[in-house]
Amino acid sequence: MNYDSKNMKFYEKGGVAYLTFLEFEKYGFVRHAFSTRIGGVSKKEFASMNLNFGRGDSDEDVTENFHRFCSAAGFDYTTLVASAQDHGTFIRRVGARNRGTGIWKPKDIQSVDGLITDEADVTLVTFYADCVPLFFLDPARRAIGLAHAGWRGTVAGIGAKMVKAMGREFGSSPRDLVAAVGPSIGPECFEVDTPVYEEFSKLTELNPQEFIVNNGGGKYHIDLWEANRRILMHAGIPQEQISVAGLCTRCNAQWLWSHRATGGKRGGLAAMMCLTEGRA
Ligand SMILES: [Zn+2]
């Protein structure tokens, strides 16, 4: 197994393994983590830390996994608020009233790929297995966000839409934002056909030749990490404030969930983020 990432730190507590971004650890008022497959109770193709309901695993095991993950990584289970991902770009502002949604209360909206909040003790939760997790922190306004950027969300600019949403809702300036691109399918592993290539090649303002490789024969490789990094920079976040994990889920499928590596028979990873103190 390869746990190395220059921008992320690997932790193991009580048998539960998770990753955090070094850049976010500098701030005492925010907690965040990205899960792994290690330390849960799920069995068979979901073994062992599956944090996705609704993929065929038992709800009881997934619930126990959430409890174990929260206690290892320092989150309060009762404060979790989940997304409802469908590869769209809808961003939902959530607060204390939404606690439990998609975890211990049914989801109440069908399409939510981004979550933002400026309330303390509201833990944002989003799900992954190759798609790109985007983390946002505004240390000045004390606000946070998480977004799910698959290739569709990436092309549709959900990263830039998060920056706009935080500006509109919290008065966040892009110059103040700290952002991160989490573990997901890497540039060597994400091969696509012409229709997907064509969508990415339309992003002319971002110099798409910097994140598309043409292999010939109608096959292309796309670097979703670099595409998202450029989208965030184009939205005004200074490049030195953007961390990229550089960890490929498909290459590390023994300890991270990868949709492509498992042919879809899999559990899911979660990103979590929570303000521990609100604005002074
Ligand atoms: Zn890979």
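What you see is a predicted model; the values in this text were computed from it and never measured.

A. Region of the structure containing the sheet that holds strand β9 (residues 143-149). Spatial ordering of the open sheet is given by β5-β6-β9-β8-β10-β14, a layout of six strands whose pairing is mixed. Edge positions in the sheet fall to β5 (91-93) and β14 (242-244), since each of these pairs with one other strand and no more. Sheet twist, expressed as the mean angle between neighbouring strand axes with direction ignored, is 15 degrees. Packed on one face of the sheet, helix α4 (residues 158-170) meets β5, β6 (114-117), β8 (132-138) and β9 and runs near 155 degrees to β9. Contacts from helix α6 (residues 224-234) reach β8, β9, β10 (178-181) and β14, with the element oriented near 175 degrees to β14.

B. Focus on the coordination of the zinc ion. For the zinc ion, the full set of protein donor atoms is Cys189 (SG), Cys248 (SG) and Cys251 (SG), at a range of 2.2 Å. Taken in chain order, the donor set of the zinc ion reads C-x58-C-x2-C. Placement of the pair is cysteine 189 in the loop between β10 and β11 (191-192) and cysteine 248 in the loop between β14 and α7 (259-262), with a sequence separation of 59 residues. Cysteine 248 carries the same exposure label as cysteine 189, and that label is buried.

C. Structural view of the pairing of strand β1 (residues 8-13). Bridge count for β1 against strand β2 (residues 16-21) is six bridges, and the pairing is antiparallel. Following the sheet pairing, lysine 9 is matched in β2 by threonine 20. Counting the residues that bridge the hairpin from β1 to β2 gives two residues, and of these glycine 14 lies at a positive phi of roughly 60 degrees.

D. Summary view of the sheet that holds strand β7 (residues 123-128). Taken together, six strands build an open sheet; the order of strands is β1-β2-β3-β15-β7-β4 and the sheet is mixed. Of all the strands in the sheet, the pair left with one neighbour each is β1 and β4 (80-82). Neighbour to neighbour, the strand axes of the sheet diverge by 30 degrees on average, direction disregarded. Here helix α2 (residues 59-73) sits on the sheet in contact with β1, β2, β3 (30-35), β4, β7 and β15 (269-275), set at roughly 55 degrees to β2.

E. The packing of aromatic side chains, seen in detail. One pass over the full model with this rule turns up 12 aromatic pairs. Centroid distance tryptophan 151 to phenylalanine 200: 6.4 Å. Interplanar angle 45 degrees. Geometry classified as tilted. One end of the pair, tryptophan 151, is in helix α3 (residues 151-155); the other, phenylalanine 200, is in helix α5 (residues 194-201), and 49 residues separate them in sequence. Its relative accessible area of 23% is what places tryptophan 151 among the partly exposed residues. Cluster of aromatic residues (ring-pair linked, three or more members): Tyr11, Tyr18 and Phe69. In this structure, arginine 37 is placed above the aromatic ring of tryptophan 257, and the distance from its NZ or CZ to the ring centre is 3.9 Å. For the cation-ring pair, arginine 142 lies above phenylalanine 29, with the distance from its terminal atom to the ring centre recorded as 3.8 Å.

F. Here's a closer look at unusual backbone geometry. Residue serine 48 is bonded to the preceding alanine 47 through a cis peptide linkage, with omega at -10 degrees. Structurally, the position occupied by serine 48 is in the loop between β3 and α2. The phi torsion at aspartate 130 lies on the positive side, around 110 degrees, for a residue other than glycine.

Thresholds, definitions, all that
Sequence order as written defines the numbering, with residues in each chain counted from 1. Selection of residues for local features in this predicted model requires a pLDDT of at least 70, selection of side-chain atom pairs for listing and counting requires 80 or more, and totals for whole chains, interfaces and linings are taken over all residues. Side-chain figures throughout are based on the complete set of non-hydrogen atoms in the structure, without hydrogens or water. Only strands joined by at least two bridges in the DSSP assignment are considered to pair. To qualify as a helix, a DSSP run of H or I must reach at least 4 residues; to qualify as a strand, a run of E must reach at least 2; elements of each kind are numbered from the N terminus. Only the contacting stretch of a helix is used when fitting its axis, a line to C-alpha atoms as for every element, and angles between N-to-C directions run 0 to 180 degrees. We call two residues contacting when some pair of their heavy atoms lies within 4.5 Å. A donor here means an N, O or S atom no more than 2.8 Å from the metal, or no more than 3.2 Å when the metal is Na, K or Ca. Since water is not included, a site may seem to lack partners. Between buried and exposed lies partly exposed: a residue is buried under 20% and exposed over 50% of the maximum accessible area for its type, with that area taken using a 1.4 Å probe on protein chains only. Within 6.5 Å between ring centres, the rings of Phe, Tyr and Trp (the latter by its six-membered ring) count as paired, and their orientation is classed by plane angle as stacked under 30 degrees, edge-to-face over 60, tilted in between. Charge over a ring is defined by NZ of Lys or CZ of Arg lying within 6 Å of the ring centre and within 35 degrees of the ring normal.

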